[in-house]
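Next come the chains, spelled out residue by residue.
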Amino acid sequence: MAGVDTLEAAPELAAMLAVSRLVAAGGPLEALLDRVAAEAAGVVGAQSASILLLDGGTSFHLAGAFGLSPTYAALLDRAPALAPGQGPSGLAVLHGRPTAIEDTEQDVQFAPWREVARTEGYRAMVSVPLTSGADIIGALNVYRPRPGPWPPSELALLGFFGEHAASAISTAQLIERQTRQVGALARLVRGLREQTHEHANRLHAVRGLLALGAPEDALRFVEQLETAHHVAYGRISGAIEHHVVAGLLLAETAIAQQRGITLEIDDASRLERLPRRLGDADAVTIVGNLLENAFDAVAHLEPERRRVRLAIVDDGATLTIRVADRGPGVAEEHRTALSHRGFSTKAGHAGVGLALVRDAVAAAGGTLEISGSTFTATIPVP
């Protein structure tokens, strides 16, 4: 116990242990990243910190933060200058070593962020690469209110912390991807189970008609079922050539019918293959969870409003997945919180469905927008 106490007395080791424990506890990735940022700031006595992760090796997105104002966070999340080789974070990633800014008022590399940093009270910052094995997955930035050089000991400490944090982040990302994959498989199995149950009911109906001595009625019933199946299959397979997504939609169509809901596939829908960064499991997660939320939204409405419309359109530059229903929609004050784990507007729901959608969309470098009762995921194709 004395050895553990001694280790935890060192601020940097205590910070690393805190991050490792959060990963071991299986917390959400966003909570881990915010904690990493907070621990990094604490290690060197900085005012605030941010974590930028690479999207496909070509650009960054803000993935974790501590002490950042919404204004500065928004700037980091949308700045076009955030890319490898550009700005302090880009240079840290490009060269694989810390990039220190001694004075934000004087350093030309910091020019795009100078005005807002001035309002935040930042006068110095350092960016260290997040290195996991042979890969650089992003950058860790810390900010302080006074100008001046960064001591070599603090740069070395942040570099060491960054390596540990990067390994923890990679582990958490792997766990999260596996969680989405398990969820996607569970959704496909559920769809197959629902179809099996429905087919069993139909076989019982046919057997009953035959037992009653009504073979003509049994034949007509089978022909109706066959026609309905071919119509649904033709409508989906004609637009969606990706087999996994097409199979999911056939299952979801059956589930919707059992709940008295009409699932409409937009005529503009076209999908041959998924974007390179979007795997089959994540595609199932996005489409399946958005449809499930829409089904829940209309399930208790009058029959004519129990309709859900799905569009999946690949225009060569972006893949757009849009699900709209005739339910009440999401109030504006709930739109941001709704994609956070644990938040739900529905009683008895765990609030993880849209969080999984958001994570899957973000992992593919895309965005998720909510407007009333319409949910739109946009994912770059290249």
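Residues numbered from 1 in each chain as written. Predicted model: local features only at pLDDT ≥ 70, side-chain atom pairs only at ≥ 80, totals over all residues. Heavy atoms only, no water.

Structural notes on the overall build of the protein
- Per the secondary structure count, the protein includes 11 helices and 10 strands.
- Buried residues in the protein amount to 44% of all 382 residues.
- When the accessible surface of the protein is split by element, carbon and sulfur atoms take 56% of a total near 18,600 Å². (Helix = DSSP H or I, 4+ residues; strand = E, 2+ residues; numbered from the N terminus. Buried < 20%, exposed > 50% of the residue type's maximum accessible area, 1.4 Å probe, protein only. Areas by Shrake-Rupley, 256 points an atom, 1.4 Å probe, with all protein chains shown as cover.)

A short note on the nonpolar core
- In terms of nonpolar packing, the biggest core is built from 41 residues, with L249, I286, L310 and I312 touching the most fellow members.
- Counting only elements with at least two residues in this core, the list comes to α8 (215–239), α9 (243–258), β6 (262–265), α10 (280–298), β7 (307–314), β8 (318–325), α11 (353–363) and β10 (374–380).
- If you tally residues by element for this core, the top one is α10, at 9 residues.
- Discounting residues that sit within four places of it in the chain, I286 has contacts with L278, I321, V357, A360, V361, A377 and I379.
- L32, V36, I51 and F161 belong to the second largest nonpolar core, which has 29 residues in total. (Core = buried A, V, L, I, M, F, W, Y, C linked by side-chain atoms within 4.5 Å. Contact = heavy atoms within 4.5 Å.)

Looking at the confidence of the model for the protein
- Per-residue confidence for the protein gives a mean pLDDT of 77; residues scoring 70 or more make up 72%.
- By mean pLDDT, helix α1 (residues 2–9) is the weakest element of the protein at 42, and β8 is the strongest at 94.
- Counted against residues more than four places away or in other chains, residues 1–9, with its pLDDT under 50, gives 5 contacts.
- Across residues 333–352, where pLDDT falls below 50, the model places 37 contacts with residues more than four positions away in sequence or in other chains. (pLDDT = per-residue confidence, 0-100.)

What to know about the pattern of salt bridges
- Counted by the stated rule, this structure contains 10 salt bridges.
- Linking R307 and E264 is a salt bridge whose minimum nitrogen-to-oxygen distance equals 2.6 Å. With R307 in strand β7 and E264 in strand β6, this pair connects stretches of sequence that are 43 residues apart.
- With a relative accessible area of 18%, E264 lands in the buried category. (Salt bridge = Lys/Arg side-chain N within 4 Å of Asp/Glu carboxyl O.)

Considering helix α3 (residues 29–44)
- Its 16 residues give α3 an end-to-end C-alpha distance of 23 Å, which sits within 8% of 22 Å, the value for a rise of 1.5 Å per residue.
- Of the residues making up α3, those classed as buried are L29, L32, L33, V36, A37, E39, A40, A41, V43 and V44.
- Residue G45 follows α3 closely and has a positive phi angle near 65 degrees. (Expected span 1.5 Å × (residues − 1).)

Some words on the packing of aromatic side chains
- Applying the stated criterion across every chain yields a total of 2 aromatic pairs.
- With a centroid separation of 6.0 Å and an interplanar angle of 55 degrees, the aromatic rings of F110 and W113 are classed as tilted. As far as burial versus exposure is concerned, F110 and W113 are alike and both buried.
- Judged by centre distance (4.8 Å) and plane angle (20 degrees), the ring pair of Y122 and Y143 falls under stacked. One end of the pair, Y122, is in the loop between α6 (114–120) and β4 (124–132); the other, Y143, is in strand β5 (residues 135–144), with 21 residues separating them in the sequence. In this structure, Y122 and Y143 share a single accessibility class: buried.
- The ring of W150 has R144 sitting right over it, with the charged end atom 4.1 Å from the ring centre. (Phe/Tyr/Trp six-rings, centres within 6.5 Å; stacked < 30°, edge-to-face > 60°. Lys NZ or Arg CZ within 6 Å of the ring centre and 35° of its normal.)

So, the sheet that holds strand β9 (residues 367–371)
- Read across the open sheet, the 5 strands follow the order β6-β7-β8-β10-β9; overall the sheet is mixed. Strand pairing shows two members of the sheet lacking a second neighbour, β6 and β9, which therefore form its edges. Strand-to-strand twist across the sheet, computed as the mean angle between neighbouring axes with direction ignored, equals 15 degrees.
- Note: β8 against β10, 7 bridges, orientation antiparallel. Among the inter-strand pairings, T318 is bridged to a residue of β10, identified as P380.
- Taken strand by strand, α10 contacts β6, β7, β8 and β10, and its axis lies near 15 degrees from that of β8. (Pairing = 2+ DSSP bridges. Axes fitted to C-alpha atoms, helices over the stretch in contact; angles between N-to-C directions.)

Describing the pairing of β7
- Inspection of the sheet shows β6 paired to β7 by 4 bridges, in the parallel sense. Looking at β7, one finds that T262 is bridged to R307.
- Read from β6 through α10 to β7, the crossover connection turns out left-handed. (Right-handed = clockwise from strand over helix to strand, strands pointing away.)

Some thoughts on the packing of α9 against α10
- Two numbers describe how α9 lies on α10: the axes approach to 10 Å, and their chain directions differ by 20 degrees. By the angle class used here, α9 and α10 are roughly parallel. As α9 packs across α10, the resulting crossing turns out to be right-handed. Across the interface between the two elements, V244, V245, L248, L249, E252 and A256 of α9 pack against D280, A283, V284, V287, G288, L291 and F295 of α10.
- Looking at the contact of α9 with α10 residue by residue, the classes come out as 10 nonpolar, 1 polar and 2 charged. (Parallel < 35°, antiparallel > 145°, perpendicular 65-115°, else oblique. Left-handed = near helix turned anticlockwise from the far one by under 90°. Nonpolar A, V, L, I, M, F, W, Y, C, P; charged D, E, K, R; others polar.)

Concerning α10
- Between its first and last C-alpha atoms α10 spans 27 Å; for 19 residues at 1.5 Å apiece the expected length is 27 Å, and the two agree.
- In terms of residue burial, α10 counts as a mostly covered element, since 15 of its 19 residues are buried.

A short note on the side chain of H242
- Counting through the fold element by element, H242 comes out in the loop between α8 and α9.
- Among the polar contacts listed, one links the side chain of H242 to the backbone nitrogen of V245, at a separation of 3.3 Å. (Polar contact = N/O pair within 3.5 Å; in protein donor to acceptor, adjacent residues only side chain to side chain.)

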